[in-house]
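Spelled out, the chains give:
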Amino acid sequence: MRRYFGRKLLVYGLTFFMAVTVNWLVPRLMPGDPVASMLARARVAQPEAQEALRVYYNNLFGFDQPWWQQYLNSWGALFRGDFGISLWAFPTPVADLLTRAVPYSLALLIPSILISWVIGNRLGALAARRKVLDNTVLPVSYVLTATPYLWLAALMAWGFGIVWGIFPVAGGYSFSMTPSFTWPFFVDLLWHWVLPFASLFLVALGGWAIGMRNVIIYELESDYANYLSALGAPQKLIRRYAFRNAVLPQITGLALQLGVLVAGALVTEIVFSYPGLGSLILAAIQNKDFFLLQGAFLFIVLGVLIANFIIDVIYVIVDPRTRVGMAGASA
Amino acid sequence: MTLEVDDLRVYYRTLKGDVQALDGVSFGVKDGEILGLAGESGCGKTTLGKALIRLDGRMKHVGGSVTLDDQVLPIGDDVKMNPYRFKQVSLIPQYSMSAMNPTRKIGRMVRELLDSRKVKLDLDELHNRLDLVELPREVLGKYPIELSGGMKQRMVMVISTLLNPSLLIADEITSALDVSTQKAVVTTLKGFRDRGFVKSMLFITHDISLTNQLADTIMVMYAGKLAEKAPAGVVVNAPKHPYTQLLISSLPEVGVRYADKRLTGIPGNPPSLLNPVPGCRFRDRCPLAFDKCAEEPPPVEVEKDHVVACWKAA
């Protein structure tokens, strides 16, 4: 058991190292000079003043050091919990921007992933049981899962927001409101949350339902199901066993899909101008904001890694075969 | 008579038509009797075994009846058959290695199975039977994956016979085992019968020499029909049906060298059971076939307990 988790942690550590390195590298490989665009924004006319400002900025962000020094510095800063200062929203620290955006992203991601997984599995299991349901749930699921996130998001924003005017189409809350811990603000928040959540939820739902239906059918044909039927066990017991065993590959699927779901959420946020990490990343790319981009990606990488680790732990708990494998079998 | 099967017909539905896999088979099994059911693959022996406990989705009960302990089994009705399964008819499947739910501890699975059948688990009895097949009691706290193949086989044997069924169907249970384990399984099954755990048994196999060690009576089937049924010794030593004779003669004998005389087997293949031609189904391969074989030979009791379906034998 300890060796298993030791190995897992090592793999996660390596992944984290690689991810941070790539995160550091990618913004710096983008064309364009962030300091130049900051200077352009500052509208300083005199060449001497401009030069002084350039030196100041380059020194502030450490761009005057050799690249390997910059790379090591970024690791040092990371361990101090310092994400640097945003270039785009200068001089706001990146950490502040992130802590403002992350709750919105999590509020979208966690419910849409978990609820779509649970309901999708139930729906798939039901579809495997009844022909009528199978003939309706399956085609709908195929359409849903093949739908690109941003297309469904745009369609829903247009339909529910513009044509019917039921839900707001943009923002995390009304522009006329200031964030506060009051009921009206909370309701407003919820109202803005519905459409982005629903579009994420629907696309993910289809995939889980299809997966579950197929695995359940496979499980119901398996030897243990046949044996139980031959011994006259009621369908209820057999279905319970089949469902539980079919959930296992779905858990693995969840771990695999996590990254895709996060990417989908980022795109959806942009469609709805939702103030989460997705919108932040878009702004960072448009403004060549190295530090903000690095910080946002770091959050996502950390989130996906932690979620994967939790799934690993859950898997060990629910599938005895993994535990037995660790302890060694007895003859 | 524990079991009485009368003119049982079970067909497989296919797109091309009905495959007459079991076409009018009648026989009986007495109290305490072990009936060995032999024949080559495709002869209908597994179909017969399944018909007695659970037809699969493609199988159709066309005619005939099965009577167990003076009750007619509703074999064509999956739901009505349920109360009889496990309690009166039970099965040791071909796939013992994967017959148990991999994600449940064995003890818990047994309890859940018995609960679902509204039977109280007699833990002492279960322990006794585990002792009998030399399984440690700890297996109940283990997952199937933690057991070796032989242990799983014995565990399934214990589960299947836990409610003392009148009829136990053992379908090709020794096919995947090595010879010494086969012998142990056969001995265990005999022990189950002698202790009264099972009243009678249908032992399905393609291995005639193994059947001979276990069975009181051997029934040989060919192409969905009964060919010959007689006490084990008679079938092996003095078979009357030409198919049985050829089957027995194609078995290698221990201590005989086959350098000069090659084992020949039976030339030809069994007929297609999709719209089979009338008459004896073995006549294309039969060395004794003559004109009369175009008519179907009825099973005739030539001696006491010796039934043969062949014009030449009668």
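Residues numbered from 1 in each chain as written. Chains lettered and ligands numbered in written order. Predicted model: local features only at pLDDT ≥ 70, side-chain atom pairs only at ≥ 80, totals over all residues. Heavy atoms only, no water.

Student: Where do I start with the overall build of chain A in this structure?
Tutor: Helix and strand counts for chain A come out as 13 helices and zero strands. The N-to-C order of helical and strand elements in chain A reads α-α-α-α-α-α-α-α-α-α-α-α-α. Each of the three principal axes of chain A carries a C-alpha extent, and together these read 90 × 60 × 35 Å. Nonlocal contacts in chain A, meaning residues at least 24 apart in sequence, comprise 73% of its contacts between residues at least 6 apart. Accessible surface computed for chain A: about 17,300 Å², of which carbon and sulfur atoms make up 70%. Each charge class in chain A was averaged separately, 22 positive and 15 negative side chains, and the resulting centres sit 13 Å apart. (Helix = DSSP H or I, 4+ residues; strand = E, 2+ residues; numbered from the N terminus. Contact = heavy atoms within 4.5 Å. Areas by Shrake-Rupley, 256 points an atom, 1.4 Å probe, with all protein chains shown as cover. Lys, Arg positive; Asp, Glu negative; His and termini not counted. Charge placed at Lys NZ, Arg CZ, Asp CG, Glu CD.)

Student: Explain the domain arrangement of chain A to me, please; I cannot follow it from the model alone.
Tutor: Residues and elements named next belong to chain A. Domain parsing of chain A yields domain 1 (2-79) and domain 2 (94-319). Residue-level contacts link 22 residues of domain 1 with 15 residues of domain 2. For the pair domain 1 and domain 2, the two sides together bury roughly 1,800 Å², of which 77% comes from carbon and sulfur. Our count for the domain 1 to domain 2 interface comes out at one salt bridge. Between Asp312 and Lys8 there is a salt bridge; the shortest N-O distance is 3.5 Å. At the surface where domain 1 touches domain 2, the tally comes to five residue pairs in polar contact (both at pLDDT 80 or more). Of all the elements in the fold, those that place two or more residues in the side of domain 1 that touches domain 2 are α1 (2-29) and α4 (67-79). (Domains from an automatic or database assignment. Buried area = accessible area lost by both parts, 1.4 Å probe. Salt bridge = Lys/Arg side-chain N within 4 Å of Asp/Glu carboxyl O. Polar contact = N/O pair within 3.5 Å; in protein donor to acceptor, adjacent residues only side chain to side chain.)

Student: Would you mind showing me how to read the sheet that holds strand β10 (residues 225-231) of chain B here?
Tutor: Adjacent strands of a sheet pair through backbone hydrogen bonds, lying either parallel or antiparallel. Residue and element names in this part refer to chain B. What the eight strands build is an open sheet, ordered β6-β7-β8-β3-β9-β10-β12-β11; its pairing is mixed. Each edge of the open sheet is held by one strand with a lone partner, namely β6 (89-92) and β11 (300-303). For this sheet, the mean inter-axis angle between neighbouring strands, taken without regard to orientation, is 25°. Contacting β3 (34-38), β6, β7 (167-171), β8 (200-204) and β9 (217-222), helix α1 (residues 45-53) runs over the sheet at an angle of about 145° to β7. (Pairing = 2+ DSSP bridges. Axes fitted to C-alpha atoms, helices over the stretch in contact; angles between N-to-C directions.)

Student: Before we go on, may I ask you to explain the environment of B:Asp78 in this structure?
Tutor: Residue and element names in this part refer to chain B. Topologically, Asp78 is positioned in helix α2 (residues 78-81). Between the C-alpha atoms of Asp78 and Asp56, which are 22 residues apart in sequence, the distance is 9.3 Å. Side-chain polar atoms of Asp78 contact the side chain of Arg85, separated by 2.7 Å.

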